[in-house]
Amino acid sequence: SQQGEEDPQALSIQEGENATMNCSYKTSINNLQWYRQNSGRGLVHLILIRSNEREKHSGRLRVTLDTSKKSSSLLITASRAADTASYFCATDVPWGGGGNKLTFGTGTQLKVEL
Amino acid sequence: DTEVTQTPKHLVMGMTNKKSLKCEQHMGHRAMYWYKQKAKKPPELMFVYSYEKLSINESVPSRFSPECPNSSLLNLHLHALQPEDSALYLCASMSDRLNEKLFFGSGTQLSVL
């Protein structure tokens, strides 16, 4: 089963509105990351928040982390059409292959309309 | 240079073919990864090379074979694939455990006929 479950699965908003997507995970983490993926392309790292942090900002992005609820949220303010993409949370979890691996959540597809 | 370069961008192969996917980075990163991504799904980790040591996701079939000729190059050899192996194959690198951020290539879109 997935380490990270995201909701909503899909989100459609108008340009200028804020977009919020949520990620829930199952095991203890060292950090949680958010990535963006344009259709059929590679993923791009957006922001990393450590387990001892509660909130972090980067430009129009705001990420929160609640380790007691095992959840995180990504807020994109003043959205633009260019923000249309899929957004994935990722957590660092132990892996049977040895060490830890970055496991991705199910993703939120964001569409920002003009 | 902050890029991870993957070739080819698209590949169509038959089930009896042998092909290879290539990945290159010149950021001095010592860990490189292969992920497989089906449409509308998250990437799934297949293999990790960390300081030239290989770790394998045991659910990956043996028709996929990774190779790391040096710390800048990563190959994925494909042999006798099945149509269900059609997917986007992503290469990624990470500088070190402290940095923890993955840099991804743009992927190879593979179709197996």
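Now for a quick tour of the structure.

Definitions and limits used
- Residues numbered from 1 in each chain as written.
- Chains lettered and ligands numbered in written order.
- Predicted model: local features only at pLDDT ≥ 70, side-chain atom pairs only at ≥ 80, totals over all residues.
- Heavy atoms only, no water.
- Disulfide = S-S within 2.5 Å.
- Helix = DSSP H or I, 4+ residues; strand = E, 2+ residues; numbered from the N terminus.
- Phe/Tyr/Trp six-rings, centres within 6.5 Å; stacked < 30°, edge-to-face > 60°.
- Buried < 20%, exposed > 50% of the residue type's maximum accessible area, 1.4 Å probe, protein only.
- Core = buried A, V, L, I, M, F, W, Y, C linked by side-chain atoms within 4.5 Å.
- Contact = heavy atoms within 4.5 Å.
- Pairing = 2+ DSSP bridges.
- Axes fitted to C-alpha atoms, helices over the stretch in contact; angles between N-to-C directions.

Under the defined criterion, the tally for this structure stands at 2 disulfides over all chains. Between A:Cys23 and A:Cys89 runs a disulfide, and the two sulfur atoms are separated by 2.1 Å. Measuring the twist about the S-S bond at about 65 degrees, one finds the A:Cys23-A:Cys89 disulfide to be right-handed. Of this pair, A:Cys23 sits in strand S3 (residues 19–25) while A:Cys89 sits in strand S9 (residues 85–94), and the two are 66 residues apart along the sequence. In this model, B:Cys23 is linked to B:Cys91 through a disulfide, with the two sulfur atoms separated by 1.9 Å. Of note, the bridge from B:Cys23 to B:Cys91 carries an S-S torsion of about -70 degrees and is left-handed in sense.

So, on to the packing of aromatic side chains. For the structure on display, the rule yields 8 aromatic pairs over all chains. Judged by centre distance (5.6 Å) and plane angle (80 degrees), the ring pair of A:Phe104 and B:Tyr35 falls under edge-to-face. Highlighted residues: A:Phe104 in strand S10 (residues 100–104) and B:Tyr35 in strand S4 (residues 31–37), drawn from two different chains. On the basis of relative accessibility, which here comes to 1%, the residue A:Phe104 falls in the buried class. We classify B:Tyr35 as buried; its relative accessible area is 0%. With centroids separated by 5.6 Å and ring planes inclined at 50 degrees, the aromatic side chains of B:Tyr35 and B:Phe104 adopt a geometry described as tilted. With B:Tyr35 in strand S4 and B:Phe104 in strand S10 (residues 103–104), the pair connects residues that are 69 residues apart, well separated along the chain.

The next subject is the nonpolar core. Residues B:Trp34, B:Phe64, B:Leu76 and B:Leu78 are the most contacted members of the largest nonpolar core, which totals 23 residues. Residue assignment for this core shows that the elements contributing at least two residues are strand S2 (10–13), strand S3 (18–25), S4, strand S5 (44–50), strand S7 (64–70), strand S8 (73–79), strand S9 (87–94) and strand S11 (108–112) of chain B. Those residues in contact with B:Phe64, other than ones at most four positions away along the chain, are B:Met46, B:Phe47, B:Leu76, B:His77, B:Leu78, B:Leu81, B:Asp85 and B:Tyr89. One finds A:Ile13, A:Ile47, A:Val63 and A:Val112 within the second-largest nonpolar core, a separate group that totals 21 residues.

Bringing the sheet that holds strand S1 (residues 4–7) of chain B into the picture now. All names here are of chain B. One open sheet holds the 4 strands; their spatial order is S1-S3-S8-S7, and the pairing between them is antiparallel. Single-partner strands in this sheet number two, and they are S1 and S7. Strand-to-strand twist in this sheet, taken as the mean axis angle between neighbours without regard to direction, amounts to 20 degrees.

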